Amino acid sequence: VRGWGHACGLEFLLEMHAAKAVPEAQREAVAKEIRSLVTRLEEAEIQNTGGWNYSRRGAQPEASTFMTATTLQALFRARELGFEVDSA
């Protein structure tokens, strides 16, 4: 469930960043949080099969299509806006 919040939060901050709607005093904090969310999502990837799972239940969680799609869209947008995203 946390991953869903991370992906949606990242999308929101990226849209604010792209629209130049982040107040000057908050720009560095927002950029730092964007980088942090990218890292958290990268670390949450299911390593043996790829993708992301909504709840991560079980010893070997399976990727869910809606969670993987949402996460990839957020990571692609981050890269598009100039943030470093691991291509793996």
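Counting from 1, residues in each chain are numbered in the order their sequence is written. Selection of residues for local features in this predicted model requires a pLDDT of at least 70, selection of side-chain atom pairs for listing and counting requires 80 or more, and totals for whole chains, interfaces and linings are taken over all residues. As a rule here, side-chain values cover all heavy atoms of the structure and leave hydrogens and water aside.

## Notes on the environment of Ala69
Okay, so step 1: Elements are defined by DSSP. Helices are runs of H or I of four residues or more, strands are runs of E of two residues or more, and each kind is numbered from the N terminus. As for its position among the elements, Ala69 is in helix H3 (residues 65-80).
Okay, so step 2: Exposed residues in this analysis have more than 50% of their type's maximum accessible area, buried residues have under 20%, and partly exposed residues fall in between, with area computed by a 1.4 Å probe over protein chains only. We classify Ala69 as partly exposed; its relative accessible area is 37%.
Okay, so step 3: On a C-alpha basis, the gap between Ala69 and Phe83 in space is 19 Å, while along the polypeptide they are 14 residues apart.

## A short note on the nonpolar core
Okay, so step 1: Of all hydrophobic cores here, the largest spans 18 residues; its most connected members are Leu10, Leu14, Ile34, Val38, Leu75, Ala78 and Phe83.
Okay, so step 2: Of all the secondary structure elements, the ones that give two or more residues to this core are helix H1 (2-18), helix H2 (27-44) and H3.
Okay, so step 3: Ranked by residues supplied to this core, first place goes to H2 with 6 residues.
Okay, so step 4: Any pair of residues with heavy atoms lying within 4.5 Å of one another is described as a contacting pair. Apart from residues no more than four positions distant in its own chain, Ala78 is found in contact with Leu14, Val38, Phe83 and Val85. For our purposes a nonpolar core is just a set of buried Ala, Val, Leu, Ile, Met, Phe, Trp, Tyr and Cys residues, chained together by side-chain atoms within 4.5 Å.

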